[in-house]
Amino acid sequence: MTKEIHRTLDWGQLAPLRLRAKMVAEGVYAGAHRSARKGAGVEFGGHREYTPGDDLRWLDRRSMMLHDRLLIRQFETETDRALRVVVDATASMGYRGTRGKAAKLAWAALIAAALAKVATSSGDPIGLTFIGGGKTARPVPVGSGREAFERVASSLEQIDAVGDPKLDPDLVERALGGIVRAARRGSIVVVLSDLCDLPSRALDALAAVSSRGRVLVVGEVLDPDELDFPFDEAVRLKAMEGELVVETDGQVRERYLAALAEHRDKWKRAITSRGAEVVTLRTDGDLSHSVREIIDRASRVRA
Amino acid sequence: MSFLSWFALGVALLAVVPYLAHRLRRRKSDDKPFAFARLVPATEPQARRRSELTDKSLFGLRALSVLLLALLGATPFVRCSRLSLDRGGASVALVLVVDDSMSMRAKDGGESSRFTRAIAGARQLLSSTREGDAVAVVLAGSPPRVALAASTDINAARSTLDTLTPSDRATDIDGALAMARSLVASLPQADKRIVLLSDLADGTDTPLPDDPALWVPMPELPKEVGDCAVLSADRSPKEVRVEIACSPKATAEGRDIELRGGERVLAKVKAPGGPHASVVLPIDPRSTEDLDVVMTGVDAIAEDDRAAVVLEGSATSIGVVGDTVEEVTATGGAPVVEQALAALRTDLDVRPLADLPDKVADLRPYAGLVFDDPPGFTPEARRVIEDYLARGGVVLLALGPRASRAPLGAAFTPLLGTVPTWETAASVRDKSVKAGEGPLGDSAQSLVGLDPKGRAELADDDARGFSRWLSWSDGPLFLGQRELGKGEAMVITLPFALDQSDLPLRPGFLAILDSFVARARARLSPRRSDAGASITVADAAVIKGPSGSISHAREAGVSRAVLPEIGRYVINVQDRTEVRVVAPIPRELYLRPRAAPQGGHAKVGAAPGAKLDISWVIALGLLLLFAAEIVMRVFVRTDPATS
């Protein structure tokens, strides 16, 4: 009989969350955030390439007939300014290696809180959803102002890494389904996940989020130990999702890194082909830089 | 040991700590979580095995390190079981008396013999000597010998111990101790010690002398054990007569006596009980191979359970040279000496000889010759007798009135230089034999009060050449014996004729003849020797013993060789081959140890449990272990095959 590994989330050096989130947000230049966005409206704002899921009403038929290219017409308009953050709280996000500053979920939670602080400071609404997390997951509907930030921070403080996407393949679709239904054009969706052991249908859910003028940025949260496999001596590794146990040692480092690179590349190609961006977030990195990187990527997608 | 000793040794229990740590570490690694475990390939079993081997080596090193640390902590309080000298600051004169007798072959302490343990003890004692100490080695096997004269070269003493081997000699502890005392007496060291490494079994019951310098450091050696031995195995044409003997605590009952040709059993009988017994085994007269007699079963000393069968050779008779007309008894029949020899029921024939043959080869069938009052020897007879004696013959010469009347040209050489004189009855009437001396023992008592009609008297020079067995009460020789060549001669100053004395009617007469026959039998070729006794051999002799060649050396003008082991020795001199057999010494079977002096096991300030500082050895061992661990770690880190 195998014993399920379940530990309280390791916040490491990141607690307290609220204070840390404010400090990180202060390091991010909030003024760069513009609320004026391109999308459906009355004043023409330019063209962009068609992506599946775009509203066919804005397809530039003339351009299609003249240049044989599918272009979408864009207009300056007041759009949905909401920021929706999706945090992966499955069991694998509870991992913390020897060099990470905290568990991956804690790292993702702090980034989410910092994004929330940046958004609320700019007057933008903020919403929070979890993939997994079990009973500790308490999604926060989109709201504005300081109260919204407090609710988001409170929800993130209580989150724990629970859930196995292999046992519950609909976990991702349930989390993102609401966003697909509620988020309007121009809204920004940030998914913070390690993309570990997610089912292939999770790609379809992410593709749906990135359609219809929504901006999707995926933050790939990884621990340094996962990136360079520091084990030298014999060790027994147990998967955090499922019952898999592997006896191994430092001899397999190269093979593991190759497999990891292939795994990451597969996900990255699948996400970017749908117009979204992927940002790698190391748990031993700089938080402010990570938040700024997410904001920059979101701006780039919108542009 | 004190509490501190136990406490320090208790630290050794911490040797299990590395193992527990190892177990804890391994259990922890069993449950190590890893999010991307699905992407991690499993390693080859070979790599895991190598990892485990490395772990075990390190564990072994660390556990050993902890043990050594505990020992190092306890060293000042621990008494080592090694033999060592408990000494002060002064130099020591040490004599190691090592017993190399047969009884030291006993294996009563497991696989190793007493001799091996004694040598090990001597080595341990040598390791506690220092510069300036003098060491000598004396061997207590009979005869005692100096293996190493006193020397300050300890390495020479060690080399001497390496060359020592056990033998089948008898034990002479007193002689060896006297030799040891004389060795240390002249040495300048004030602290003189004699260490006796022996089982103290030398056939006597008297306690060891209470010498303050004497130390018997191995009390486990003197222990009475049981042993039986085959003393002799003599072959006559149709049978082999075997003599066996046992120590007081042993019996041969239940064991078999086997006659073997090689490893083939030719005959077998049950061994009788009792301390001394003889059995007879039948044999095919045509058999010509070398035979051995083996006593089956196991006892303390295995080496003496086998004896080479001695072939008695062609000498099967006793020749009696005398005047059959004058010496015939009044009732008729053979002369009285012939009848007496026959009455002894020996397996030797008694043959009367009217005259000596002219060639010594014709005397080959005779183990002994009895001359009863001969009127001297002719020159031819003298030459034959001389050759006969040189080849090992035994002669009994009875002198009477006819001997004193030897004709011109007749003499008694080589037995006597001068013709004896004959005293008449008037002068000897009150001079009977004085008993109580000589090898005849109590039998000589029956010769007291002899009533001879006269007696022969030897010249003084002749009388001095004989070993005196019996004397007349006024001093002259009555019965004597002397060695001549390889043989020997006995002379008695009365004839065997009944009309001259009542000697033949006395029991002592039979005792004299019995002694003569025993000596004649003992001189039969091949001859039997005691272990350790030296024999005279020709310069060109080549000797081969049970353990290989035996060397001989010239000593006082003759070549002598020592035969130290039981068994068959073949002596080749040009085209002649002689066989000698070395038999066990019955005295050596008496394995009861002599009593050591009171406190003799721990005198002269030395004890088997003396403190021995071995801290530096342990510290060195610790350093080596640490170095080994460092090397192992570097090796494991740098070798890509093991990383």
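Here, residues in each chain are numbered from 1, in the same order as that chain's written sequence. Chain letters and ligand numbers both follow the written order, the letters beginning at A and the numbers at 1. Side-chain atom pairs in this predicted model are given and counted only at pLDDT of 80 or more, local residue features only at pLDDT of at least 70, and totals for whole chains, interfaces and linings cover all residues.

Student: Would you take a moment to explain the overall build of chain B for this structure?
Tutor: When its secondary structure is counted, chain B shows 13 helices and 32 strands. The exposure label follows from counting other C-beta atoms within 10 Å of a residue's C-beta, where the C-beta atoms are placed from the backbone and the thresholds are 20 or more for buried and 12 or fewer for exposed, leaving partly exposed in between. The buried share among the 643 residues of chain B stands at 38%. Throughout, a residue-residue contact means that the two C-beta atoms, derived from backbone geometry, are no farther apart than 7 Å. Long-range contacts, defined here as pairs at least 24 residues apart, represent 73% of the contacts in chain B between residues at least 6 apart. Per the convention used, a helix needs a DSSP run of H or I reaching at least four residues, while a strand needs a run of E reaching at least two, with both numbered from the N terminus.

Student: What is the right way to look at the overall build of chain A in this model?
Tutor: Looking only at helices and strands, chain A has nine helices and eleven strands in total. Within chain A, the fraction of its 303 residues that count as buried is 47%. Of the contacts made within chain A by residues no fewer than 6 positions apart, 79% connect residues no fewer than 24 positions apart.

Student: How should I be thinking about the sheet that holds strand β13 (residues 306–308) of chain B in this particular structure?
Tutor: Sheet strands associate in pairs through backbone hydrogen bonding, adopting either a parallel or an antiparallel arrangement. All names here are of chain B. Two strands qualify as a pair provided that DSSP identifies no fewer than 2 bridges between them. What the four strands build is an open sheet, ordered β10-β9-β12-β13; its pairing is antiparallel. Only two strands of the sheet have a single neighbouring strand rather than two, namely β10 (264–270) and β13. Each neighbouring strand pair of the sheet contributes to a mean axis angle of 20°, computed without reference to strand direction. In the sheet, strand β12 (residues 291–295) pairs with β13 via three bridges, with the strands oriented antiparallel. What sits directly across from Asp292, in β13, is Ala308. Structural elements are reduced to axes, namely lines fitted to C-alpha atoms, with helices fitted over the stretch in contact, and the angle between N-to-C directions of any two is expressed from 0 to 180 degrees.

Student: Is there a simple way to explain the pairing of strand β7 (residues 188–193) of chain A in this structure?
Tutor: Residue and element names in this part refer to chain A. Counted residue by residue, β7 has six buried out of six residues, so it is predominantly covered. Burial along β7 is two-sided: the residues Ile188, Val190 and Leu192 and Val189, Val191 and Ser193 are all buried. For strand β4 (residues 83–89) and β7, the ladder comprises five bridges, and the chain directions are parallel. Directly across from Leu83, in β7, lies its bridge partner Ile188. Pairing of β7 with strand β8 (residues 215–222) involves six bridges; the strand directions are parallel. Looking at the pairing, Ile188 lines up with Val215 of β8.

Student: How do you make sense of unusual backbone geometry when you look at a structure like this?
Tutor: In terms of backbone geometry, most residues other than glycine have negative phi values and most peptide bonds are trans. Across the junction of Ser142 of chain B and Pro143 of chain B, the peptide omega takes the value -10°, indicating a cis bond. Here Pro143 of chain B shows up in the loop between β3 (134–139) and β4 (145–151). Put simply, Thr413 of chain B and Pro414 of chain B share a cis peptide bond, and its omega is 5°. Structurally, the position occupied by Pro414 of chain B is in the loop between α9 (401–404) and β19 (421–423). The backbone of Leu195 of chain A shows a phi angle near 55°, a positive value even though the residue is not glycine. Relative to the helices and strands, Leu195 of chain A is located in the loop between β7 and α6 (201–209).

Student: Looking at this structure, I do not really get the confidence of the model for chain A. What am I missing?
Tutor: The predicted coordinates of low-pLDDT regions are not to be read in fine detail. Residue and element names in this part refer to chain A. Overall, the prediction assigns chain A a mean pLDDT of 83, with 88% of residues at 70 or greater. What pLDDT expresses is the predictor's confidence in each residue, scored from 0 to 100. Confidence scores differ between elements of chain A, with strand β1 (residues 37–39) showing the lowest mean pLDDT of 47 and β4 the highest of 93. Note on residues 30–40: pLDDT under 50 across the span, and 27 contacts to partners over four residues away in sequence or across chains.

Student: Would you mind going over the interface of chain A and chain B with me for this structure?
Tutor: One frequent convention defines the size of an interface as the accessible area lost when the parts assemble. On the side of chain B, 19 residues touch chain A, which itself brings 29 residues to the contact. Contributing elements (two or more residues each) for the side of chain A that touches chain B: β9 (235–239), β10 (245–248) and α8 (253–272) of chain A. For this classification, Asp, Glu, Lys and Arg are treated as charged, while Ala, Val, Leu, Ile, Met, Phe, Trp, Tyr, Cys and Pro are nonpolar and the rest, including Gly, are polar. Taken together, the residues of the side of chain A that touches chain B break down into 14 nonpolar, five polar and ten charged. Here three bridges tie β9 of chain A to strand β1 (residues 32–34) of chain B, and the two strands are oriented parallel to one another. Within β1 of chain B, the residue paired with Lys238 of chain A across the bridge is Pro33 of chain B.

Student: Quick question: what am I supposed to make of the sheet that holds strand β5 (residues 191–197) of chain B here?
Tutor: Residues and elements named next belong to chain B. Taken in spatial order, the five strands of this open sheet run β4-β3-β2-β5-β6, and their pairing is mixed. Edge strands, defined here as strands with exactly one partner in the open sheet, are β4 and β6 (214–215). For β3 and β4, the ladder comprises four bridges, and the chain directions are antiparallel. Each residue of the ladder has a partner; that of Val138, found in β4, is Val146. In the packing of helix α4 (residues 114–127) onto the sheet, the strands contacted are β2 (92–98), β3 and β5, and the crossing angle to β2 comes to about 170°. Strands β3 and β4 of the sheet are contacted by helix α5 (residues 154–163), whose axis makes an angle of about 165° with β4.

Student: Please explain helix α3 (residues 104–121) of chain A as it appears in this structure.
Tutor: Owing to its 3.6 residues per turn, the α-helix brings residues three or four apart onto one side. Residues and elements named next belong to chain A. Every helix has an expected span of 1.5 Å times one less than the residues it contains. Taking 1.5 Å per residue, 18 residues should reach 26 Å; α3 reaches 26 Å between its end C-alpha atoms and fits that length. Burial analysis of α3 places 17 of its 18 residues in the buried class, the great majority of the element. Gly123, located one to two residues past α3, shows a positive phi value of around 90°.

Student: Mind showing me how you'd approach helix α6 (residues 173–185) of chain B here?
Tutor: The end-to-end C-alpha distance of α6 of chain B is 18 Å, a good match for the 18 Å that 13 residues give at a rise of 1.5 Å each. Those residues of α6 of chain B that are buried lie in contact with β2, β3, β4 and β5 of chain B.

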